[in-house]
Amino acid sequence: MLVSVLCDICVLFCRLNTFRWVLDAEMKNLTADGVGLKTKRAEKVGISAEEEKMFWDKGLLGCQTAETLVNTIYFYNGKLFGIRPKEHRDLRYANIKIVDSNSIVFDESHSKTFHGVLKNLQYTPRVIKHVCSIVENLDHFPCIVNCYSLYLDKIRSLAKEIDAFYFKPHPNEFIHMKVPIGIHTLNMILPDKSYVKAGLPRKMSHNLRVTCATRLKRGSLEREQVINQIPCLNTRSPGFSNNRVSKILGPPENRETTGQNIKHRGYGKQFGVTPGS
């Protein structure tokens, strides 16, 4: 009697397993066809040129305070170099260099997560050069080289003591404290410090990377150039200097601005930032 019951249970179990496998296969096929899928979040969209210009006009981006300075550096690290939100926390002082009075270089080989060991051999670290202005001696606003020069000068001593890139701004003084900014706070810079203060619907930090990709694609660049700036998950390609890419991804220039206009190389000279420092 017991043996018969056990046999019946085994047969039933086998049938149930077969039914489950068939059902799983059918569900996978339906899912691949898009049946029953619901969008969990809004479609990723980039940051428009109008929104970016508004951030500058409202003083939400710029070099006016320690807070706006670090927010600006975060904004353009994502937009110029296609850095993922989770990768910002891994940036180090050596990743960003002012190579001359008109150019910034992002060198991925100094990343905290890139050690040059066996698992990294499949990747070629990106080295991306952003040219601030096609005409080197032209005065223009905003000048990203000035912002990066100022920020690197402000955090140089801090980075020697703490292996980090983003440091908490002082609320009352134009200095940065010896406290690295956490990943959650970094991810809230764009939605809370830019969009909410500008009175616009919030966009998250991943939209900076989306902006980088969409603007390059709209600029009809070659696929290899887009991949270099926005690497695929398993693909990296060597860096290159391209004035057209810099023009597409750079901030909206307003050379007619009076009173606000910042002389090119101004911050570098004022704060003693030398090329390559």
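Residues numbered from 1 in each chain as written. Predicted model: local features only at pLDDT ≥ 70, side-chain atom pairs only at ≥ 80, totals over all residues. Heavy atoms only, no water.

Q: Account for the overall build of the protein chain, naming residues and giving values.
A: Across its full length, the protein chain carries 10 helices and 5 strands. Out of the 277 residues in the protein chain, the part that is buried amounts to 43%. Summed over its atoms, the accessible surface of the protein chain is roughly 15500 Å², and 57% of this surface lies on carbon and sulfur atoms. (Helix = DSSP H or I, 4+ residues; strand = E, 2+ residues; numbered from the N terminus. Buried < 20%, exposed > 50% of the residue type's maximum accessible area, 1.4 Å probe, protein only. Areas by Shrake-Rupley, 256 points an atom, 1.4 Å probe, with all protein chains shown as cover.)

Q: How would you explain the packing of aromatic side chains if you had to name every residue and give the values?
A: Across all of its chains, the model carries 8 aromatic pairs by this definition. For the pair phenylalanine 75 and tyrosine 76, a centre-to-centre distance of 4.9 Å together with 65 degrees between the ring planes defines the contact as edge-to-face. The exposure classification of phenylalanine 75 matches that of tyrosine 76, with both residues buried. Considering the side-chain rings of phenylalanine 165 and tyrosine 166, the 5.1 Å spacing of their centres and the 90 degrees angle between planes classify their relative orientation as edge-to-face. Comparing phenylalanine 165 with tyrosine 166 shows no difference in burial state: the two are buried. An aromatic cluster is built from Phe55, Trp56, Phe75, Tyr76 and Tyr195, whose rings are joined through pairwise contacts. (Phe/Tyr/Trp six-rings, centres within 6.5 Å; stacked < 30°, edge-to-face > 60°.)

Q: An account of the sheet that holds strand 2 (residues 103-107) is needed here, citing residue identities and associated values.
A: Strand order in this open sheet of 3 strands is 1-2-3, and the pairing throughout is antiparallel. Two strands bound the open sheet, and with one partner strand each, they are strand 1 (96-100) and strand 3 (127-131). Sheet twist, expressed as the mean angle between neighbouring strand axes with direction ignored, is 25 degrees. Where strand 1 meets strand 2, 4 bridges bridge the pair, whose relative direction is antiparallel. Bridge pairing in strand 2 links lysine 97 to valine 105. Helix 3 (residues 66-81) rests against strand 1, strand 2 and strand 3 of the sheet, and its axis sits at about 110 degrees to strand 3. (Pairing = 2+ DSSP bridges. Axes fitted to C-alpha atoms, helices over the stretch in contact; angles between N-to-C directions. Contact = heavy atoms within 4.5 Å.)

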